[in-house]
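Listed below, chain by chain, are the residues.
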Amino acid sequence: MGSWLVLGGTRFLSRAVAAEAVARGHEVTCVARGESGPVPEGAALVVADRDVPGALDPLRGRRFDAVVDVATMSFPWVRDALAVIDADHWTFVSTISVYADTATPGQGVDAPLLDPLEGGGPADGPEVYGAVKVASEDAVRAGHPRPLVVRAGLICGPGDRSDRFGYWPARFARGGPTVVPDARDQPAQIVDVRDLAAWIVSSGERGLTGTFDGSGPRTTLGAVLDEIAAAVGAPDLVPVPLAPAALEAAGVSPWAGPRSLPLWLPDSHVGIAARDTSPAAEAGLVCRPVADTARAALEHERTLDPARARGAGLAPDDERALLPDPPP
Ligand SMILES: NC(=O)c1ccc[n+]([C@@H]2O[C@H](COP(=O)([O-])OP(=O)(O)OC[C@H]3O[C@@H](n4cnc5c(N)ncnc54)[C@H](OP(=O)(O)O)[C@@H]3O)[C@@H](O)[C@H]2O)c1
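All of these numbers come straight from a predicted model, not from anything done at the bench.

Each value, and the rule that gives it
Residues numbered from 1 in each chain as written. Predicted model: local features only at pLDDT ≥ 70, side-chain atom pairs only at ≥ 80, totals over all residues. Heavy atoms only, no water. Helix = DSSP H or I, 4+ residues; strand = E, 2+ residues; numbered from the N terminus. Buried < 20%, exposed > 50% of the residue type's maximum accessible area, 1.4 Å probe, protein only. Contact = heavy atoms within 4.5 Å. Areas by Shrake-Rupley, 256 points an atom, 1.4 Å probe, with all protein chains shown as cover. Near = heavy atom within 4 Å. Polar contact = N/O pair within 3.5 Å; in protein donor to acceptor, adjacent residues only side chain to side chain. Domains from an automatic or database assignment. Buried area = accessible area lost by both parts, 1.4 Å probe. Nonpolar A, V, L, I, M, F, W, Y, C, P; charged D, E, K, R; others polar.

Undergrad: Pulling in residues and values, what's your account of the overall build of the protein chain?
TA: Scanning the protein chain for helices and strands turns up 10 helices and 17 strands. Based on the C-alpha atoms only, the size of the protein chain along its principal axes is roughly 70 × 40 × 40 Å. Taking all 328 residues of the protein chain together, the buried fraction comes to 53%. When contacts within the protein chain are restricted to residue pairs at least 6 apart in sequence, long-range pairs at least 24 apart make up 76% of them. Entry remark: accessible area of the protein chain is about 14,000 Å², with carbon and sulfur atoms responsible for 53%.

Here it is as structure tokens:
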């Protein structure tokens, strides 16, 4: 069994990676501030704030079989980790937001990228996310002899706090007339956090290198919503499709944010949900049915405060105001 270092490990994907590595018998060390939650049982935590210079110095002199870094949006974090940590294999979790063209479906990893930005930090907004990831990827490829870069798509399932998928299982489980975008044929693409974590760990174990779009197969919004509804929908659920133009006129945003409908995309961004992920599938990424992700997301939703500020979706009053009168 190997020694694994997970830079992260206290929430969502990085925690799932640490849990998977522990379950396979590896000795797992996580590095985080510990603010997002505990590391999985069986993993060790080195408390460090990567915004503090020298934060990773306690790792100097240790050697790891595999490192997984999820550095979300900081080039200096990635550069500093590469300078300090000694490891045989290095996985960097990047994003499909690195691509310059977000509109064209069917693109692969050779598609043009944003210009790299060697910045990112607590003061920066989401607009630099993709560019910082491009620079971070470059640093990993230049700084490690056996790099694996995983450009994740929309990661869903247990532990997700973004509501960008979980809204739908939660909403469908509540039932009644439910606003959905009338955009059944729009591309959709997700990956379950557990599947991505399992693939990242098995790839590290066998020393896979290269760059992959890490997401599930291409499908449609209609198919995904149908599968969620079949898996967790209440008996009285009645989807009410509203035209994109009507939603926009009513101030409903696609994808995320307040007053939004997740998974729905403007034409300018349908390409992010239609990546050619066949190379990842050929390299071992196995994706479970959407129904399974929906059930787990609903279970996770039920552990959260229903009154919390949501990252995506419609509040019940906003949705009611959109429904035809009388409701169907
Ligand atoms: N979520 C998605 O749908 C999605 C889509 C595409 C790509 N990605 C990429 O996937 C990766 C994982 O994303 P995620 O949302 O699941 O994140 P995550 O795995 O939850 O990772 C965040 C980790 O970073 C740690 N962290 C945050 N600030 C830190 C600091 N100053 N010093 C040390 N550690 C710190 C957090 O721990 P503490 O807070 O305890 O310090 C946490 O363990 C990221 O690279 C992201 O860009 C995500």
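Undergrad: Before we move on, can you summarise the site of the ligand with the specific residues and values?
TA: In the region of the ligand, 30 residues are neighbours, and T10, R11, S36, V70 and Y129 sit closest. Measuring from a nitrogen atom of the ligand, one finds a backbone N or O atom of R50 at 2.8 Å. Residue R164 places a side-chain N or O atom 2.9 Å away from an oxygen atom belonging to the ligand. In isolation the ligand exposes 880 Å². Once the protein is present, 91% of that is buried. For the shell around the ligand, the secondary-structure elements that each account for two or more residues are helix 1 (12–23), strand 5 (86–95), helix 3 (129–143) and strand 7 (154–156).

Undergrad: Break down the domain arrangement of the protein chain for me, with residues and values.
TA: With domains assigned, the protein chain is organised as domain 1 (3–152) and domain 2 (167–188 + 218–270 + 289–321). Using only C-alpha atoms to locate each centre, domain 1 and domain 2 end up separated by 30 Å. Taking both sides of the interface into account, the surface hidden between domain 1 and domain 2 amounts to around 360 Å²; carbon and sulfur atoms contribute 51%. It is T102, A103 and P105 that lose the most area in domain 1 upon contact with domain 2, and together they represent 85% of the buried surface on that side. The tally of links between domain 1 and domain 2 comes to two residue pairs in polar contact (both at pLDDT 80 or more). Class assignment for the residues of the side of domain 1 that touches domain 2 results in two nonpolar, two polar and no charged.

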